[in-house]
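# Residue-level structural notes
Here is how the chains run, residue by residue.
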Amino acid sequence: MDTKLGSLNSSKPTSNDVVSCTANSTTAIQTSIPATAISCGGEATLGCHLARRLVQIGVTDVFSVPGDFNLTLLDHLIAEPALNLVGCCNELNAGYAADGYARARGVGACVVTFTVGGLSVLNAIAGAYSENLPLICIVGGPNSNDYGTNRILHHTIGLPDFSQELRCFQTITCFQAVVNNLEDAHELIDTAISTSLKESKPVYISISCNLPAIPHPTFIREPVPFSLSLKVSNQMGLEAAVEATVEFLNKAVKPVLVGGPKLRVAKASDAFVKLADACGYALAVMPAAKGLVPEHHPHFIGTYWGAVSTAFCAEIVESADAYLFAGPIFNDYSSVGYSLLLKKEKAIIVQPERVVIANGPAFGCVLMKDFLMALAKRLKHNSTAYENYHRIFVPEGHPLKAAPKEPLRVNVLFQHIQKMLSGETAVIAETGDSWFNCQKLKLPRGCGYEFQMQYGSIGWSVGATLGYAQAVPQKRVIACIGDGSFQVTAQDVSTMLRCGQNTIIFLINNGGYTIEVEIHDGPYNVIKNWNYTGLIDAIHNGEGKCWTAKVFCEEELVEAINTATGPKKDCLCFIEVIVHKDDTSKELLEWGSRVSAANSRAPNPQ
């Protein structure tokens, strides 16, 4: 059985030059491809074949930085009518943008130049690998005639060995293709793309700079639709796993369900919700799974994050006599410094292709989606855990009312951000205290939510906001970014303006790396303060739609939000929020102390 990845049926963009950022609202998987939808001028060249393949799998925007080794390739990508080339300010942000794009579209792509570009984008690709995102990283490589010649090329470290970049990518991609001849180019490109989609990981494709414009018989003018063989569960293993799980859970008194971040890679969010509907268990999510499970579900009890969980959530999960975790990642951050009060003998761990019940048995070759759907038909309804939650639940309080012109508090800021959310918005949360404050936001039906927890690279959100907004233009993105993180990647607000995006950025200015302060303080956590609104005004430079504001109190914040959602709703709105350096969430204080304790454990005796 095949799944065909076909044309996006997108209309021709108004412009195909590098400045064009017109996005199309489409999905990554289609059932067919009209032969006329993807043309690239009808040329049977390597560059046009690659462009057509990207469009076939759902990529209509490619994030790029030009360099002499990729310029001809960029010409051919621009020539594809269904593809927009979005020029970024640096390779790191191009990679982050492809990451954000992949979260919304299911796959993303970036194009950089050899070594100086490739090594710059590495950090973003590593982050995408950690978050299980399909991402096609394309590098313009050396001329095919230079391989094996013992020549020294520019953009290298001065050695005749050109494999340094490749070796760096081998540990952070699931497949690497070095295309330096036309004979196997078609196979290598298709294999790389297929592997990325099947493994839900980034891949690396290097294309020699002299090859993109050359026709070859393998690059037919009307390409065969791209297709992937579907993964299927081992039926006997599936039945055995379900049988053992039913026996385990049906005898439990107060079982619970917890969704994890690998629900995304398993494409099992809908199946997980159907299971929750059928069994009646209390339903929670791990922090990195926020946004993957609808929070309006009647049995939803919040985020399970150990000591910094949503109020009353940890008590219900950790007191349960059985818990099913679907797609969890247990690391030092998600476990709050290894302090979760969970017991393995009570747990069923469901990974994308594997089920482990308590201390055993384990069942391989069982797809999560199939398992959850089958389980939903067999479990007895048991709402005891949710009833216990409902019994002990006390509605959360509200921030203390601010005095007139009182300096703005972070909890007041997020109270107002909460009111902005709807099904037509999406939240991007930067690494730092925004993790914890955004985690407490209640997401309305259809509201998007993304953050990078496993890799936790500061600065990720600027590029990711660019990419996510480009992928889903019908949503207005609300990005919450700390000043320290923003200083790492601020340049690509410029690209957001070029693309005509109407994102709202809340720049939370508290004078430093607050998350690091709460783990281990020192003078290195204090940063040089910028005039952030002045910087954005300078980047704007009268070109594009941009509006900035600097707020110090609640009254000014309310006025700024009203302007951003009213008269300036079509503009990129940048709101700098001035808060006290020690104004942090209570969750960060708790989490920071526990992570600090984990980091500072003494060495074991030798």
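Residues numbered from 1 in each chain as written. Predicted model: local features only at pLDDT ≥ 70, side-chain atom pairs only at ≥ 80, totals over all residues. Heavy atoms only, no water.

## Here's the deal with the overall build of the chain
From N to C terminus, the chain includes 21 helices and 21 strands. A compact globule built from 606 residues would reach a C-alpha radius of gyration of about 25 Å, and the chain, at 25 Å, matches this within 12%. Oriented by its inertia axes, the alpha-carbon framework of the chain measures out at about 70 × 65 × 60 Å. For the chain, buried positions account for 58% of its 606 residues. Considering only contacts in the chain between residues 6 or more positions apart, those separated by 24 or more positions represent 76%. Separation of charge centres in the chain, based on 47 positive and 56 negative side chains, amounts to 6 Å. (Helix = DSSP H or I, 4+ residues; strand = E, 2+ residues; numbered from the N terminus. Rg over C-alpha atoms; globule rule 2.2 N^0.38 Å. Buried < 20%, exposed > 50% of the residue type's maximum accessible area, 1.4 Å probe, protein only. Contact = heavy atoms within 4.5 Å. Lys, Arg positive; Asp, Glu negative; His and termini not counted. Charge placed at Lys NZ, Arg CZ, Asp CG, Glu CD.)

## Side note on the environment of A403
Of note, A403 is situated in the loop between α12 (384-392) and α13 (410-420). For the pair formed by A403 and E554, sequence separation is 151 residues and the distance between their alpha carbons is 9.0 Å.

## Brief notes about the sheet that holds strand β14 (residues 354-357)
On the basis of which strands lie adjacent, the open sheet formed by seven strands has the order β11-β10-β9-β12-β13-β14-β15 and mixed pairing. Each having just a single partner strand, β11 (300-303) and β15 (362-364) make up the two edges of the open sheet. Sheet twist, expressed as the mean angle between neighbouring strand axes with direction ignored, is 15 degrees. Of the strands in this sheet, β12 (323-326), β13 (347-351), β14 and β15 are in contact with helix α7 (residues 235-250), which crosses β14 at around 35 degrees. Docked against the sheet, helix α9 (residues 269-279) engages β9 (256-259), β10 (282-285) and β12, running at close to 165 degrees with respect to β9. (Pairing = 2+ DSSP bridges. Axes fitted to C-alpha atoms, helices over the stretch in contact; angles between N-to-C directions.)

## Brief notes about the packing of α7 against helix α11 (residues 368-376)
The geometry of α7 relative to α11 is characterised by a closest axis approach of 10 Å and an angle of 50 degrees between their N-to-C directions. Taken as axis vectors, α7 and α11 run oblique relative to one another. Considering how the two elements wind past one another, α7 and α11 form a crossing that is right-handed. Residues L238, A241, V242, T245, V246 and L249 of α7 lie in contact with α11, whose contacting residues are D370, F371, A374 and L375. A class-by-class count of the residues in the contact of α7 with α11 yields eight nonpolar, one polar and one charged. (Parallel < 35°, antiparallel > 145°, perpendicular 65-115°, else oblique. Left-handed = near helix turned anticlockwise from the far one by under 90°. Nonpolar A, V, L, I, M, F, W, Y, C, P; charged D, E, K, R; others polar.)

## Re the sheet that holds strand β19 (residues 504-509)
If you trace the six strands from one edge of the open sheet to the other, you get β17-β16-β18-β19-β21-β20, paired in parallel fashion. Strand pairing shows two members of the sheet lacking a second neighbour, β17 (448-451) and β20 (546-551), which therefore form its edges. Sheet twist, expressed as the average angle between the axes of neighbouring strands with direction ignored, equals 15 degrees. Relative to strand β18 (residues 476-482), strand β16 (residues 425-429) runs parallel, the two being bridged by five bridges. Looking at β18, one finds that T425 is bridged to R476. Here helix α19 (residues 532-540) sits on the sheet in contact with β19, β20 and β21 (572-578), set at roughly 170 degrees to β20.

## Re the packing of helix α1 (residues 46-56) against helix α6 (residues 185-199)
Put simply, α1 and α6 touch, their axes get as near as 11 Å, and they point 20 degrees apart. Here α6 runs roughly parallel to α1, going by the angle between their axes. Helix-helix and strand crossings are classified by hand; for α1 and α6 the assignment is right-handed. Touching L46, H49, L50 and R53 of α1 are A185, H186, I189, D190 and I193, all from α6. Per-class residue counts for the contact of α1 with α6 are five nonpolar, two polar and two charged.

## Here we look at the pairing of β10
Burial of β10 is two-sided: the residues A282 and A284 facing one way and the residues L283 and V285 facing the other way are all buried. In this sheet, β10 lies alongside β9 in parallel orientation, the contact comprising four bridges. Note that in β10 the partner of V256 across the bridge is A282.

## Remarks on the nonpolar core
Counting residues in each nonpolar core, the largest one holds 59 residues, and the members touching the most others are F63, I125, C137, F169 and F486. Residues in contact with C137, not counting those within four places in the same chain, are C110, V121, I125, F169, V203, Y204 and I205. Membership of the second largest hydrophobic core comes to 42 residues, among which are W305, V336, A429 and W435. (Core = buried A, V, L, I, M, F, W, Y, C linked by side-chain atoms within 4.5 Å.)

## Observations regarding the pattern of salt bridges
Close approach of charged atoms allows side chains of opposite charge to pair. Counting across every chain of the model gives 13 salt bridges. Here R53 and D190 are joined by a salt bridge, their closest N and O atoms 3.0 Å apart. Placement of R53 in helix α1 and of D190 in helix α6 is noted, with a sequence separation of 137 residues between them. Both residues of the pair, R53 and D190, belong to the buried class. K442 serves as the salt-bridge partner of E396, at 3.5 Å between the closest nitrogen and oxygen. You can see E396 sitting in the loop between α12 and α13 and its partner K442 sitting in the loop between α14 (433-439) and β17, a full 46 residues away along the chain. (Salt bridge = Lys/Arg side-chain N within 4 Å of Asp/Glu carboxyl O.)

## Digging into the side chain of S200
If you trace the backbone, S200 turns up in the loop between α6 and β7 (202-208). Judged by its relative accessible area of 5%, S200 falls in the buried class. Once residues lying within four places of it in the same chain are set aside, the contact partners of S200 are N132, L133, P134, T195 and V265.

## Brief notes about the packing of aromatic side chains
All told, the structure shown has 18 aromatic pairs when counted by the stated rule. Considering the side-chain rings of Y449 and F451, the 5.8 Å spacing of their centres and the 65 degrees angle between planes classify their relative orientation as edge-to-face. Of the two residues, Y449 and F451, neither departs from the other in class, the shared state being buried. In textbook terms, an aromatic cluster arises when at least three aromatic residues are bridged by ring pairs, as seen for W305, Y333, W435, F436, Y449 and F451. Here K201 stacks its cationic end above the ring of Y129, 3.9 Å away from the centre of that ring. A cation over a ring is seen here: K290 above Y449, with NZ or CZ 5.4 Å from the ring centre. (Phe/Tyr/Trp six-rings, centres within 6.5 Å; stacked < 30°, edge-to-face > 60°. Lys NZ or Arg CZ within 6 Å of the ring centre and 35° of its normal.)

## As for unusual backbone geometry
The omega torsion across G360 and P361 is 5 degrees, close enough to zero to call that bond cis. Relative to the assigned elements, P361 resides in the loop between β14 and β15. You will see that N132, though not glycine, has its phi angle at about 60 degrees, which is positive. Of note, N132 is situated in the loop between α4 (118-130) and β5 (135-141). If you check the backbone angles, V336 has positive phi at about 55 degrees while not being a glycine. Its location among the elements puts V336 in the loop between β12 and β13. The exposure class of V336 is buried, given its relative accessible area of 0%.

## Regarding the confidence of the model for the chain
The predicted model of the chain has a mean per-residue pLDDT of 90, with 91% of residues at 70 or higher. Taken as a whole, residues 1-20 scores under 50 in pLDDT and shows 73 contacts with residues more than four places along the chain or in a different chain. Low pLDDT (under 50) marks residues 22-38, which in the prediction has 51 contacts with non-local residues, meaning those over four places away or in another chain. (pLDDT = per-residue confidence, 0-100.)

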